[in-house]
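For reference, the chains in residue letters:
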Amino acid sequence: MKKSIIFLVILFLSATFCFADEPPTIMEEQPSQVIDTSMKAAGSKWPRAAFLLHAGLIDIGLGAKIRFSHANGIYMTIDLRYQIFQFQYIRIPVLVYFGGNHVHFITGHTILNAVNAPIDYVSVELAVGLNIDFGKHWGIDILWFNPTTQEAYDYVGPSLLLDVRFVF
């Protein structure tokens, strides 16, 4: 179990560095007397990939944000979350954020959900939620993780998380 988590963390870090290495744009390749400041500002405002830290009432975590749209409209996060309240969870969710530059609807699932309880088991959870981004670095997530198996639902139940995010 520990080797698979270490492997996933190494894979996650290498994928983030790969996505962060963007090819140069046409403006950077061709020097010109006229510079379009709006495109440069938009490109520098929202980086393609970044790391994030988040903390909430019952969980803490570290992850990566990979942007798919030109601004901040559609992006994906993958992170490692550790829930410390009631049961100890280790979650690795893949979440997709749809919306404008600041308010997003969140959907996704966990690729790993390990629970340290009287019975140890691994299950998958579906996630839905709402996100509000305050500029480039700060945001708030309200997430609902719902187990897909009846055993997990009966034993642990769903989780409601409220997190503050810092993207760097």
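One can find the structure itself at the top, above this paragraph.
Nothing here was measured: the structure is a model prediction, and the numbers come from that model. (Residues numbered from 1 in each chain as written. Predicted model: local features only at pLDDT ≥ 70, side-chain atom pairs only at ≥ 80, totals over all residues. Heavy atoms only, no water.)

A. Focus on the overall build of the protein. Tallying secondary structure elements over the protein gives four helices and nine strands in all. Starting at the N terminus and walking to the C terminus, you meet the elements of the protein as α-α-α-β-β-β-β-β-β-β-β-α-β. Of all 168 residues assigned to the protein, the portion counted as buried reaches 37%. Here the analysis covers contacts within the protein between residues at least 6 apart in sequence; of these, 47% occur between residues at least 24 apart. (Helix = DSSP H or I, 4+ residues; strand = E, 2+ residues; numbered from the N terminus. Buried < 20%, exposed > 50% of the residue type's maximum accessible area, 1.4 Å probe, protein only. Contact = heavy atoms within 4.5 Å.)

B. Fine view of the pattern of salt bridges. Tallied over the entire structure, the rule returns five salt bridges. For the salt bridge of Glu-125 with Arg-91, the shortest nitrogen-to-oxygen distance reads 2.6 Å. Here Glu-125 is found in strand β7 (residues 125-134), whereas its partner Arg-91 is found in strand β4 (residues 88-99), with 34 residues between them in sequence. There is no split in this pair, since Glu-125 and Arg-91 are both buried. Arg-165 is paired through a salt bridge with Asp-133; the nearest N and O atoms lie 2.7 Å apart. Residue Arg-165 is located in strand β9 (residues 159-167), and its partner Asp-133 is located in strand β7; the two are separated by 32 residues in the primary sequence. Here the two residues Arg-165 and Asp-133 agree in accessibility, since each one is buried. When salt bridges with common partners are traced through the structure, they connect Asp-59, Asp-79, Arg-81 and Asp-163 into a single cluster. (Salt bridge = Lys/Arg side-chain N within 4 Å of Asp/Glu carboxyl O.)

C. Seen up close, the nonpolar core. Of all hydrophobic cores here, the largest spans nine residues; its members are Ile-58, Tyr-75, Leu-95, Tyr-97, Ile-106, Ala-127, Leu-143, Phe-145 and Leu-161. For this core, the secondary-structure elements that each account for two or more residues are β4 and β8 (138-147). Each residue touching Tyr-97, except ones within four places of it in the same chain, is listed here: Gly-73, Ile-74, Tyr-75, Thr-77, His-104, Phe-105, Ile-106, Asn-131, Asp-141 and Arg-165. (Core = buried A, V, L, I, M, F, W, Y, C linked by side-chain atoms within 4.5 Å.)

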